[in-house]
Amino acid sequence: MQHSLIQPQKPDPIRAMGIIALNGMFDEHDAEGVIRKAAELFGDKLAVVSSFGADSVALLHLVSLVNPDLPVFFLDTGMHFPETRAHVEVLKARLGLSDVRTLVPDSRDLVRFDPDGTLWEGDPDSCCHIRKTEPLNAALEGFSAWITGRKRFQTAERGVLPHFELTSDDRIKVNPLAYWAEADVAAHKSDHDLPEHPLFSEGFTSIGCAPCTSAIGEGEDARAGRWRGFNKAECGIHFDVSGEIAPPQIREAPMLFKKGRFVTDPFKPLGENANLKGVRYVHVPLSKVKDNLDAIRQNPHPLGLLIEASDRVEDVAEDLDRFSSVAVSFPAFGDGRGYSTARLLRERYGYRGEIRAVGDVLTDQIGFMARCGFDAFAVANDATKKALEKGELAEISVYMQPVGLTEVPVGTRPFLRKPAEPVARRP
Amino acid sequence: MYRYDEFDLGFVSGRVGQFRDQVNRRIAGELTEEQFRPLRLMNGLYLQLHAYMLRVCVPYGTMNAVQLRKLAHIARKYDRGYGHFTTRQNIQFNWPRLQDVPDILEELSDVEMHAIQTSGNCIRNVTTDQFAGAAADEIIDPRPVAEIIRQWSSLHPEFTFLPRKFKIAITGAPQDRAAIRFHDIGLMAQENAAGEVGWMVYVGGGMGRTPMIGKRIRDFVPHEDLLAYLESVLRVYNRYGRRDNKYKARIKILVHEEGLATLREQVNSEFEEVKGGVLTLPEEELARIRAYFAPPQFALSDDRFDLAALKREDAGFARFVEHNSHPHRHEGYTSLTISLKPVGGVPGDATAEQMEVVADLAERFSFNELRVSHEQNLVLPHVAIRDVRAVYDVLNAHGLAEANVGQISDMITCPGLDYCALANARSIPIAQELAKRFGTAERQAEIGPLKLNISGCINACGHHHVGHIGVLGVEKKGTELYQLTLGGDASENASIGEILGPGIVAEAVPDAVERLVQTYLGLRKAKDESFISAVKRVGPEPFREAYLAA
Ligand code: HEM
Ligand code: SF4
Ligand code: SF4
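Thresholds applied
- Residues numbered from 1 in each chain as written.
- Chains lettered and ligands numbered in written order.
- Predicted model: local features only at pLDDT ≥ 70, side-chain atom pairs only at ≥ 80, totals over all residues.
- Heavy atoms only, no water.
- Helix = DSSP H or I, 4+ residues; strand = E, 2+ residues; numbered from the N terminus.
- Buried < 20%, exposed > 50% of the residue type's maximum accessible area, 1.4 Å probe, protein only.
- Contact = heavy atoms within 4.5 Å.
- Areas by Shrake-Rupley, 256 points an atom, 1.4 Å probe, with all protein chains shown as cover.
- Pairing = 2+ DSSP bridges.
- Right-handed = clockwise from strand over helix to strand, strands pointing away.
- Axes fitted to C-alpha atoms, helices over the stretch in contact; angles between N-to-C directions.
- Parallel < 35°, antiparallel > 145°, perpendicular 65-115°, else oblique.
- Left-handed = near helix turned anticlockwise from the far one by under 90°.
- Nonpolar A, V, L, I, M, F, W, Y, C, P; charged D, E, K, R; others polar.
- Core = buried A, V, L, I, M, F, W, Y, C linked by side-chain atoms within 4.5 Å.
- Phe/Tyr/Trp six-rings, centres within 6.5 Å; stacked < 30°, edge-to-face > 60°.
- Lys NZ or Arg CZ within 6 Å of the ring centre and 35° of its normal.
- Polar contact = N/O pair within 3.5 Å; in protein donor to acceptor, adjacent residues only side chain to side chain.
- Domains from an automatic or database assignment.
- Buried area = accessible area lost by both parts, 1.4 Å probe.
- Salt bridge = Lys/Arg side-chain N within 4 Å of Asp/Glu carboxyl O.
- 1 Å grid on protein atoms, 1.4 Å probe; cavity = no way out; pocket = protein on both sides within 12 Å on 5 of 7 lines; lining within 4 Å.
- Points joined across faces, edges and corners; volume = space filled by probe spheres on them.
- Arc of directions from axis to C-beta.

A. Layout of the overall build of chain A. In terms of helices and strands, chain A carries 14 helices and 13 strands. In chain A, which comprises 427 residues, the share counted as buried stands at 53%. Taking as baseline every contact in chain A between residues at least 6 positions apart, the subset at least 24 positions apart corresponds to 61%. With an accessible surface of roughly 18,900 Å², chain A has 52% of that area assigned to carbon and sulfur atoms.

This is the structure in structure tokens:
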């Protein structure tokens, strides 16, 4: 942690009591009791951190019942929905919160790491770090404990969340709503007639920054809409019980079909003005690679290569090994140039990384593609997705000709057939 | 002939199942017509003016009696009682219903037939000399290599979405009966200095709106490297052939625009890479495939025709022998062509009954072998000379003994405006009128060999570009007009016909052809100087004058 130099007070009473005992003191749903206890234990060393998201009002309401003057930190990442800012004002007025403090990222960090505001695209972890973790760490200086609105039901990692948590920087994180279910939150909101976040009714049940939040479908994990498509479920400010950063959870992205199933795609679209020396997990078009070879060679991160149908793979043959994925584009299913490209990649240049088909990829082509060396398929067509999910790949099981290096080893007979029988005799 | 093994059977029945699924998805609306189109085309299913059309593959034009009977059965059960043999040595059914097509394909697979790759932008059915394995002038039987090409090209994963369709023709004889220089790739058997047989390769031939004669890209490719060489050509074409304009997407345009030298260089450098790899054809494999095409057990015989005697006895039979038999490599045998061009009929059409008659004849008199020629005729390749009379009598009884092969009434004719959505003009009625005018035995005997081909539009399905006389349907201000071309030749002396002048109305076509024929008769040096030889000797001018003289 960046701010581990800060030595928060060591609250002896807690130590004495032990976190475990503290966690045993309250009825699971007694959120208000937990907040009172925290206020009593930490006094003015206690803060609240709120996203002012969809459910935040429940916690903030309970806080206001205990002490509306507790400092409430709102992390203004600069990327929030305008509705969220409006919601902050509404809640301040409605709940009488007197000390809402807006935390903003360090402008020097922004200039340095995210000059064009697209860091979230390629590297959300770093984005969250400069926009949330750093400002919060700075703000929490001098505080011994902070209250969060996290709940067990929200994500798999939070399934063991206690009321009181000791974090690795020796602060206490208080989770009054840890045992609340979604329905409890909803009931609390309606019992007390609390104002809804304006976006809640539009399907946003977990609201973060605008670019990283999407509406979720029915039955999806409430936070499925956050960082949709990334191996990311938590930012740097939440830690698991042992104080480690919660391990990233793979969540299925519905697009990339690989090894017989849909998997999370770590790759993102390339931003227009992205810095090729620093980007990661993007497919850089072959023409750009050619024109920026030095930048690409200096870039230390995982990168992909995008080969358009009219590109010549020969032009980047020497740098192929640098890419962990090659995307070969099919502008239309009838445009078969990509098949030749894939075979050249595998057979002539010995490329061993992922070759993914992108563009107009349909079920009936996937068998052909696989034989030419493709091992991943970015599927947009709904019928194709459905067919693949059901395992109904239009499979071709017998081949009439050898293709590639593995189907028939060089030097063996290409066509393995039964011998002929004598031609019919004239009767 | 080639017989399916378990592998082929698995391949074809797998495809039938797959296509059945695709048809169901189409009918259920899960596939749009646009998405379905390439899939159905890959399975030989076209959408025509009136209905779907199913094109069934007859690999290199070879089949047996059981297969032809199955085609007759399909014509009867799923179509209107007939089928249409095409210049691609295939057969088309013009009226199948979409929901029946999977059943048809399944029935076909029972007799080792399919419709795979008879359409779409893939490598099409390989075509060859209809007398392959029988002709006296042949260096080698091209069918084993044609079969190997068929296997290599069947659902080739790299070459199933080419810029445009791709046609390969192959001949084992110096006399080119397969029009190899009008295909995307033409292969002609060659003997090199060391006495080994291999293949001379032509590339970029084709008809259509931009007719081109294939150019020689390589003098000699040994058997073992042939597939590697073909793959090299196809890869260069797949990568660099034009895809922006379907009229410029054939490989002939690539050859034309890039130049033969450039293309040859690209192909050669590709060939250097793939040569010696998995596609190298081992001699044992070639021998194994060759065994399928082993010559039948011919009887020893020194029978031969005595035409003079025949003419005295039976002029009709003599004419049949003279025109419809082709010299056989085995003494005492001949190859008989069954003309599907009866006067007044639709060129290439055969009824279910006729197919069954021919199937019987093949079984009884031709070692169960049959061929389809690119001139839209059927062939019994191995008939003992002593059996010819019996065959003739059966044919005659079923209206199949037209003695006009290679004559003016043996026309290649496309469906034209009667069936084809693209046509400018009718073709079949023109063919019928011309057959009436010139189709008598006497006139044809006088004129001698003359190929007259008719297309209803510039797409040239009727091969008018290579007709000694070509008739092309054009449209001017809503009227059907016809342009005549002269001097086309599909043989080893390939040439493209020249347009003689402005278009004329349908009624004027027989007279115009008449003037061309009269001009020829007037200027030929001897009776055995054929029409095309005379045209090549004197040039088009006298004919142009005659054409314009109306
Ligand atoms: C960089 C990362 C993150 C930061 C800095 C951050 C910060 C915060 C803060 C300050 C709150 C306010 C507490 C509240 O509203 O009650 C909060 C709440 C919450 N956070 Fe995070 N968070 C981050 C990532 C995540 C992630 C990855 C998830 C889930 C997967 C998550 C889920 C929640 C939830 C469910 C709440 C409860 C309140 C609500 O839903 O509006 N957060 N977070
Ligand atoms: S939520 Fe998205 S934009 Fe906001 S800080 Fe995190 S990654 Fe960046
Ligand atoms: S030549 Fe024209 S009219 Fe004739 S079949 Fe072809 S497309 Fe139709």
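B. Representation of the pairing of strand 11 (residues 325-330) of chain A within the structure. All names here are of chain A. Of all six residues in strand 11, six are buried, a share of seventy percent or more. Burial along strand 11 is two-sided: the face carrying Ser-325, Ala-327 and Ser-329 and the face carrying Val-326, Val-328 and Phe-330 are both buried. Direction of pairing for strand 10 (residues 304-307) relative to strand 11: parallel, over a ladder of four bridges. Its bridge partner lying in strand 11, Gly-304 is registered against Ser-325. Where strand 11 and strand 12 (residues 354-359) come together, six bridges link them in parallel fashion. In the sheet register, Phe-330 faces strand 12, and the bridge partner there is Gly-359. Taken together, strand 11, helix 12 (residues 337-348) and strand 12 constitute a β-α-β crossover, and its handedness is right-handed.

C. Main features of the packing of helix 5 (residues 143-153) of chain B against helix 6 (residues 223-240) of chain B. Residue and element names in this part refer to chain B. Here helix 5 crosses helix 6 at 45°, and the two axes come no closer than 11 Å. Considered as vectors, helix 5 and helix 6 are oriented oblique to each other. In this structure, helix 5 meets helix 6 at a crossing whose hand is right-handed. For the pair formed by helix 5 and helix 6, the contact residues are Val-145, Ile-148, Ile-149 and Trp-152 on the first element and His-223, Leu-226, Leu-227, Leu-230, Glu-231 and Leu-234 on the second. Within the contact of helix 5 with helix 6, the residues separate by chemical class into eight nonpolar, one polar and one charged.

D. The nonpolar core, seen in detail. Residues and elements named next belong to chain B. Formed by 90 residues in total, the largest nonpolar core has its most connected members in Ile-149 and Ile-185. The greatest single-element share of this core, amounting to nine residues, is contributed by helix 6. The contact partners of Ile-149, leaving out residues within four places of it in the chain, are Val-126, Ile-168, Ile-170, Leu-187, Leu-226, Leu-227 and Leu-230. Within the second largest apolar cluster, 59 residues are counted, among which are Leu-68, Ile-74, Val-101 and Ala-115.

E. Representation of the packing of aromatic side chains in the model. The full count for this structure, using the stated rule, is 20 aromatic pairs over all chains. On the numbers, 5.5 Å between centres and 75° between planes, the contact of Phe-267 of chain A with Tyr-281 of chain A is edge-to-face. Placement of Phe-267 of chain A in the loop between strand 8 (261-263) and strand 9 (283-285) and of Tyr-281 of chain A in the loop between strand 8 and strand 9 is noted, with a sequence separation of 14 residues between them. A relative accessible area of 30% means that Tyr-281 of chain A is categorised as partly exposed. In this structure an aromatic cluster arises from ring pairing among Phe-330, Tyr-339, Phe-368 and Phe-374 of chain A together with Phe-161 of chain B. Sitting over the ring of Trp-95 of chain B, Arg-80 of chain B keeps its end group 3.7 Å from the ring centre. The residue whose ring lies beneath Arg-389 of chain B is Phe-317 of chain B, and the NZ or CZ to ring-centre distance is 4.6 Å.

F. Representation of the environment of Glu-498 of chain B within the structure. Residues and elements named next belong to chain B. Relative to the helices and strands, Glu-498 is located in strand 20 (residues 498-499). Sequence-distant contacts of Glu-498, defined by excluding residues within four places in its chain, comprise Leu-484, Thr-485, Leu-486, Pro-540 and Arg-544. A polar contact of 2.9 Å, which involves the side chain of Glu-498, links it to the side chain of Arg-544.

G. Representation of the packing of helix 3 (residues 65-78) of chain B against helix 4 (residues 101-110) of chain B within the structure. All names here are of chain B. Between helix 3 and helix 4, whose axes approach to 10 Å, the crossing angle comes to 160°. It follows that helix 3 is roughly antiparallel to helix 4 by the angle criterion. Crossing geometry of helix 3 relative to helix 4 is assigned as right-handed. Contacts between helix 3 and helix 4 pair Lys-70, Leu-71, His-73, Ile-74, Lys-77 and Tyr-78 from the former with Asp-103, Ile-104, Glu-107, Leu-108 and Asp-110 from the latter. Its residues assigned to classes, the contact of helix 3 with helix 4 shows five nonpolar, one polar and five charged.

H. Quick peek at the domain arrangement of chain B. Residue and element names in this part refer to chain B. Assigned domains within chain B: domain 1 (6-110), domain 2 (135-291), domain 3 (307-397) and domain 4 (412-548). With eight residues of domain 1 in contact, the opposing surface of domain 2 contributes ten residues. Taken as a group, Met-42, Tyr-60 and Arg-88 account for 57% of the area that domain 1 buries against domain 2, more than any other trio of residues on that side. Taken together, the connections running from domain 1 to domain 2 amount to zero salt bridges. For the side of domain 1 that touches domain 2, the element with the highest residue contribution is helix 1 (residues 6-27), accounting for three residues. Tallied by class, the residues present in the side of domain 1 that touches domain 2 amount to four nonpolar, one polar and three charged.

I. The layout of surface pockets, seen in detail. All names here are of chain B. A volume near 1,100 Å³ is recorded for the second largest pocket. Taken together, 46 residues line the second largest pocket, and the ones lying closest to its centre are Gln-175, Val-405, Gly-406, Pro-449 and Lys-451. When residues of the lining of the second largest pocket are traced back to their parent elements, those giving at least two are helix 11 (315-324), strand 11 (325-327), helix 15 (441-447) and helix 17 (531-538). Among the elements that take part in the lining of the second largest pocket, helix 11 stands out by supplying six residues, more than any other. Across the lining of the second largest pocket, the residue classes break down as 13 nonpolar, 21 polar and twelve charged.

J. Spotlight on the pattern of salt bridges. Counted according to the given criterion, the structure contains 63 salt bridges over all chains. We note a salt bridge from Asp-489 of chain B to Lys-536 of chain B, for which the minimum N-O separation is 2.8 Å. One end of the pair, Asp-489 of chain B, is in the loop between strand 19 (479-486) and strand 20; the other, Lys-536 of chain B, is in helix 17, with 47 residues separating them in the sequence. Bridged by salt links that share partners, the residues Arg-343, Glu-347 and Arg-348 of chain A together with Glu-158, Glu-231, Arg-235, Glu-270 and Glu-273 of chain B form one connected network.

K. Looking closely at the sheet that holds strand 8 of chain A. Residues and elements named next belong to chain A. In space, the seven strands of this open sheet follow the order 8-7-13-12-11-10-9, with mixed pairing throughout. Of all the strands in the sheet, just strand 8 and strand 9 have a single pairing partner and so form its edges. For this sheet the average axis-to-axis angle between neighbouring strands, irrespective of direction, equals 30°. Along the sheet face, helix 12 touches strand 10, strand 11 and strand 12 and points at about 160° away from the line of strand 11.

L. Structural view of helix 14 (residues 428-438) of chain B. Residue and element names in this part refer to chain B. If you check which residues of helix 14 are buried, you get Ile-428, Ile-430, Ala-431, Leu-434, Ala-435 and Phe-438. Looking straight down helix 14, one finds its buried side chains confined to an arc of 155°; they lie on one side. Of the surrounding elements, those touching the buried residues of helix 14 are strand 16 (412-413), helix 15, strand 17 (452-455), strand 18 (469-476), strand 19 and helix 16 (509-523).

M. Layout of unusual backbone geometry. All names here are of chain B. For Asn-368, which is not glycine, the phi torsion reads 60° and is therefore positive. Considering the arrangement of structural elements, one finds Asn-368 in the loop between helix 12 (352-365) and strand 14 (370-372). A positive phi angle, near 70°, is found at Gln-376, a position not held by glycine. For Gln-376, the position within the fold is in the loop between strand 14 and strand 15 (378-384).

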